[in-house]
Amino acid sequence: MEKIEQILNVNTATVESQADVILVNGEVFTYKNSGLTRRVFVNKDKTLVIKVPTDKYYQRHNDNEAKLWNEASDEEKEQLAETKMLANGYILQEFLQTLDDPDTAINLGRTLTMDEIYFAGSCRNDVGFDTPGRLKCYDYDEIKKY
């Protein structure tokens, strides 16, 4: 009788990128949104997000984002969501209330200033508000390229 052997190559990033809930450092994160290369999960308190590459080839986006944060000046960091690379290659980032979130307009209680509109445009509108209400970029790939 022939022996049938099946080898499964399971990439953790791929498995977790398809999940609705992930556990990171003992904290539960639920699916929030997807971009072209990563899925984003948010914690219960809406203070942190985790960015998980949808494929091992997209890890470079997390690597680039961590590098940009680490090399940014203090002045530049004021415009960026605080970012940390985890040991597993995921990005841990401060939660921002994004412009595409319907609650943002309600919670903000004001319209964007012209400076905020220009800044958002320079970040491909990948921006959101931190707890004190400062507009920051959360996807560094194309920050200020426009």
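As shown above, the structure is provided for reference.
We now turn to the structure provided with this report. (Residues numbered from 1 in each chain as written. Predicted model: local features only at pLDDT ≥ 70, side-chain atom pairs only at ≥ 80, totals over all residues. Heavy atoms only, no water.)

1. Some points on the sheet that holds strand S9 (residues 135-137)
Overall, antiparallel pairing links the 3 strands, which are arranged S7-S8-S9 in an open sheet. Edge positions in the sheet fall to strand S7 (97-98) and S9, since each of these pairs with one other strand and no more. Here strand S8 (residues 127-129) pairs with S9 via 3 bridges, running antiparallel. Paired with Phe129 across the bridge in S9 is Leu135. Across the sheet, helix H5 (residues 114-122) is in contact with S8 and S9; its angle to S9 comes to roughly 10 degrees. (Pairing = 2+ DSSP bridges. Helix = DSSP H or I, 4+ residues; strand = E, 2+ residues; numbered from the N terminus. Contact = heavy atoms within 4.5 Å. Axes fitted to C-alpha atoms, helices over the stretch in contact; angles between N-to-C directions.)

2. As for the pattern of salt bridges
Two side chains of opposite charge can pair, provided their charged atoms sit close to one another. Taken as a whole and judged by the stated rule, the model has 8 salt bridges. Between Arg124 and Asp126 there is a salt bridge, and its shortest N-O distance comes to 2.7 Å. We classify Arg124 as partly exposed; its relative accessible area is 37%. On the accessibility criterion, Asp126 (13% relative accessible area) is buried. (Salt bridge = Lys/Arg side-chain N within 4 Å of Asp/Glu carboxyl O. Buried < 20%, exposed > 50% of the residue type's maximum accessible area, 1.4 Å probe, protein only.)

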